[in-house]
Structures are given as C-alpha cells and as structure tokens.
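Structural overview for review
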Amino acid sequence: MIDKLEMFLVLARERHFGRAAEECGVTQPTLSAAIRQLEDQLGVILVSRGSRFQGLTPEGQRVLEWARRIVGDTRTMREEMRAARKGLSGHIRLAAVPTTLAMVPMLTAPFQEKHPDVTFSVLSTTSLQILALLENLEIDAGLTYLENEPLGRVTSVPLQVERYHLVTAAGTPLAERESVTWKEVSDVRLCLLTADMQNRRIVNQHFAEAGVVAKPTLESNSMIVLFSHVRTGRWASIMPFNVAKSFGFHEDIRMIPIVDPDARHTVGLVATHREPFTPLVSALLHEARTLGERNQVQ
C-alpha cells in the first residue's frame, strides 16, 4: 500500500504516466498496474484515463490528501527509527527564494558541524513553488517571506528582517545620498527580479504606495545576474541589505537605504506542519530558532 501511494503521489505531481514511471524507476505498465491495484483496494476510481492521463477524480483528490499524510508519517517513522539506530543522518532538501540564498549557510554550516552525517541539497525557486514542493513532500523545508502572502498550514521560524536598499555604482546620480525615496528610485535605470518572485511583488507594492510604477530595463531570477549588471555602472537595483552585503563590499558599489516608506519584511524557515516532525526537520527547526534569536527576530 505504501509503495502504491508513493507512486500515486508522483503521478498526481507529474500528471503523465511515462514521466511518473521514469521518476519512480519502474516501467509504465508497472506503474499503471500499481494504480489499478490501489483503486481495487480502495474500491474507487482515482485517475481519469483516456489515451493519456486526464486528471484525478474527486475521489482521487481526496485520496491524494490521505496519501500525503500517510506517506509523510511513514517517512517520519522510518527516519526516527534510523536516528535511533545510527544517530542523526540522512539528507535534507531545502528550497529558498533568491533573496534568502545568502542566509542558507548560516543554517547549513552550524547544522552540519553538529551532525556531520547529514547532507543537504538547496534549490532556488519562487515562494509559491516552495509551498507546492512542501505540500507534495518534495522538500523538507523552505526559506521564504513570512508575512506578505498566505503560507497555509506550515510551521514557520523567523530568521531575519530585510530592509531595502538602492544598490548602485559609485559616480551615479544618487550614489552619495544618505537615503533615497521610492519615488526617486523609480526614475533610475533599474534591473530587478522577475515578476514571479515575491520580492518583486513587494517592490512593486512599495512603488505603488509612493504613487509610481517600476519600469526595469532588465529582469532576472538570479541575484548574481542583477549584481553583475549593477557593477557595470549602467544599472541600479533594489536589494535587501543583507543580500547586497553577501556579495562583498566594493569601493565602486554604494548601498543606500530607501525610505518613504522604510520597508521591512521578515524572512524565515517554513516546514509542513506535522506532529511529530522528522528528526532531521526537528533539528533544523531548532537550528533556525537559534539563528533567529541571534538575529534578534521576534
């Protein structure tokens, strides 16, 4: 039953029998047979089929919720028993919005020092995708904004408060100012994150509050790309102070606080709310709370 539910979760995510079979490491006929056996066991049709996958039935949608819960609990049980035998070990899958990537080592470095048998993988993605990945059990935790948009049923730990700065090259018109307004920044040649990023939606919101509209001439989902263009002297960008600082201070770069409004937003670690947490996630949440306390984030 557990193996079949695992396959059903992958099929629901991929929405394609061939891709789901490939991810599960089985043949397509084996996957199809497992889904039919699951349907026979439960006495309902889970998948609408024609010549190809056509979606889940209403019963399939309900079973999907149960499958996430059962598979999640099973993984937790297995990990807890492994930790009891061998100590904390395994792999943690993280996803982070681009503006929090510089914060990841603040978690992973002290965590791995305490638990050297734990490995990490880190994915850069959007805040909406992080919530989807958590729901589908594809990641263990994510780093994202906590206050700006609904998070759903997650456990969250505040890590840091962002304050926005104009990042520009020395010698540009606003480079020597001690502060600038959002209205003034709207007249600058900007490079910003793409519209699917929550950071960009936040930036757009503050421009709207100032009665102006951002018109960037370059967009990217990579902070490195943005910073590289700032260094040419032809563009400026808007970044949280801690993100800009992570690229290293250079004599040719200025970071100027943006005021009116002086916008601040909290970022943190989120994990799917469940009791009990897996030993790995529980330890990661503890490390996150330690970091948040060190940063004095309430």
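Further up the page is the structure itself.
Just so it is clear, the structure is predicted and the values come from calculations on it, not from any experiment. (Residues numbered from 1 in each chain as written. Predicted model: local features only at pLDDT ≥ 70, side-chain atom pairs only at ≥ 80, totals over all residues. Heavy atoms only, no water.)

Remarks on the packing of helix α2 (residues 17–24) against helix α3 (residues 28–42)
The cut-off we apply is this: Axis definition: a line fit to C-alpha positions, over the contact stretch in the case of helices; interaxial angles, taken between N-to-C directions, run 0 to 180 degrees. The secondary structure listing takes helices from DSSP runs of H or I that are at least 4 residues long and strands from runs of E that are at least 2 residues long, numbered from the N terminus. Every angle not falling under 35 degrees, over 145, or within 65 to 115 is termed oblique; those three ranges are roughly parallel, roughly antiparallel and roughly perpendicular. Contacts: residue pairs with any heavy atoms within 4.5 Å of one another. For this scheme, ten residues count as nonpolar: Ala, Val, Leu, Ile, Met, Phe, Trp, Tyr, Cys and Pro. Four count as charged, namely Asp, Glu, Lys and Arg, and the remainder, Gly too, count as polar.
Interaxial distance between α2 and α3 falls to 8 Å at its minimum, and their mutual angle equals 100 degrees. The angle between the axes of α2 and α3 places the two elements in the roughly perpendicular class. Between α2 and α3, the contacting residues are F17, G18, A20 and A21 on the first element and Q28, L31 and S32 on the second. Here the residues of the contact of α2 with α3 are counted per class, giving 4 nonpolar, 3 polar and no charged.

Topic: the packing of aromatic side chains
Threshold: Centres within 6.5 Å are what make two rings of Phe, Tyr or Trp a pair, Trp counting through its six-membered ring; a difference in plane orientation under 30 degrees is then read as stacked, over 60 as edge-to-face, and the rest as tilted. Only protein chains enter the accessibility calculation, which uses a 1.4 Å probe. A residue is then buried if its area is under 20% of the maximum for its type, exposed if over 50%, and partly exposed in between.
If you walk through the whole model with that rule in mind, you get 4 aromatic pairs. Arranged with centres 6.1 Å apart and planes meeting at 65 degrees, the rings of F17 and F53 form a pair that is edge-to-face. Within this pair, whereas F17 is found in helix α2, its partner F53 is found in strand β2 (residues 53–56), the two being separated by 36 residues in sequence. Each member of the pair, F17 together with F53, is buried. Ring geometry for W182 versus F207: centroids 5.3 Å apart, planes at 90 degrees, classification edge-to-face. Pair noted here: W182 is in helix α7 (residues 182–185) and F207 is in helix α8 (residues 198–209), with a separation of 25 residues, a long-range link.

Brief notes about the pairing of strand β3 (residues 90–96)
This is how it is decided: Only strands that DSSP links by at least two bridges are regarded as paired with each other. Crossovers are described as right-handed under a simple rule: with the strands pointing away from the observer, the path leading from the first strand over the helix to the second runs clockwise.
Examined bridge by bridge, β3 and strand β4 (residues 118–124) share 7 bridges and lie parallel to one another. Counted as the bridge partner of A95 is L123 from β4. Following the chain from β3 across helix α5 (residues 104–114) to the adjacent parallel β4, one finds a crossover that is right-handed. Direction of pairing for β3 relative to strand β5 (residues 141–145): parallel, over a ladder of 3 bridges.

Quick notes on the side chain of Q198
For clarity, the threshold we go by: Here a polar contact is recorded for every N or O atom pair within 3.5 Å, except that within protein the pair must consist of a potential hydrogen donor and a potential acceptor, and residues adjacent in sequence are included only if both atoms are side-chain atoms.
Residue position: Q198 is located in helix α8. The exposure class of Q198 is buried, given its relative accessible area of 4%. A polar contact is formed between the side chain of Q198 and the side chain of S127, at a distance of 3.0 Å. The residues contacting Q198, other than those within four sequence positions of it, are S127, T144, Y145, N148 and E149.

Some thoughts on unusual backbone geometry
With an omega of 0 degrees, the peptide bond running from D260 to P261 counts as cis. Here P261 shows up in the loop between β11 (253–259) and β12 (264–272). If you check the backbone angles, L137 has positive phi at about 60 degrees while not being a glycine. Its location among the elements puts L137 in the loop between α6 (127–135) and β5. Positive phi, close to 60 degrees, is recorded for D260, a residue that is not glycine. Along the chain, D260 falls in the loop between β11 and β12.

As for helix α11 (residues 279–294)
Basically, it comes down to this: A helix is expected to span 1.5 Å for every residue after the first.
The end-to-end C-alpha distance of α11 is 23 Å, a good match for the 22 Å that 16 residues give at a rise of 1.5 Å each. When we look at burial in α11, the residues that qualify are P279, L280, V281, A283, L284, L285, E287, A288, L291 and G292. Looking one or two places after α11, you find Q296, whose phi comes out positive at around 60 degrees.

What about the pattern of salt bridges?
Under the convention used in this document: One speaks of a salt bridge when a side-chain nitrogen belonging to Lys or Arg is within 4 Å of a carboxyl oxygen belonging to Asp or Glu.
Under the criterion given, the structure shown has 18 salt bridges. Two residues, R254 and E176, come together in a salt bridge whose shortest N-O distance is 3.5 Å. Of the two residues, R254 is situated in strand β11 and E176 in the loop between β6 (154–169) and β7 (180–181); the sequence distance between them amounts to 78 residues. Take R254: its relative accessible area is 26%, and that puts it in the partly exposed class.

Some thoughts on α6
Each full turn of the α-helix corresponds to 3.6 residues, which orients residues three or four apart in the same direction. Under the convention used in this document: This arc describes the spread of directions from the helix axis toward the C-beta atoms.
Listed in full, the buried residues belonging to α6 are S127, I130, L133 and L134. The arc that holds every buried residue of α6, seen down its axis, measures 115 degrees, which confines them to one face. Contacts from the buried residues of α6 go to β3, β4, β5, β6, α8 and β12.

Here's the deal with the packing of helix α1 (residues 2–14) against helix α4 (residues 58–86)
Helix-helix packing is characterised by the crossing angle of the two axes and by the distance between the axes. Applicable threshold: Crossing handedness follows the turn of the near helix against the far one: under a right angle anticlockwise gives a left-handed crossing, and clockwise gives a right-handed one.
Interaxial distance between α1 and α4 falls to 9 Å at its minimum, and their mutual angle equals 125 degrees. Judged by the inter-axis angle, α1 sits oblique to α4. In this structure, α1 crosses over α4, and the sense of that crossing is left-handed. Each of I2, L5, E6, F8, L9 and A12 in α1 lies in contact with α4, whose residues at this interface are G60, V63, L64, A67, R68, I70, V71, T74, R75 and R78.

Notes on the side chain of E287
Along the chain, the position of E287 falls in helix α11. The contact partners of E287, leaving out residues within four places of it in the chain, are L107, P110, F111 and K114.

Structural measurements only, silent on function.
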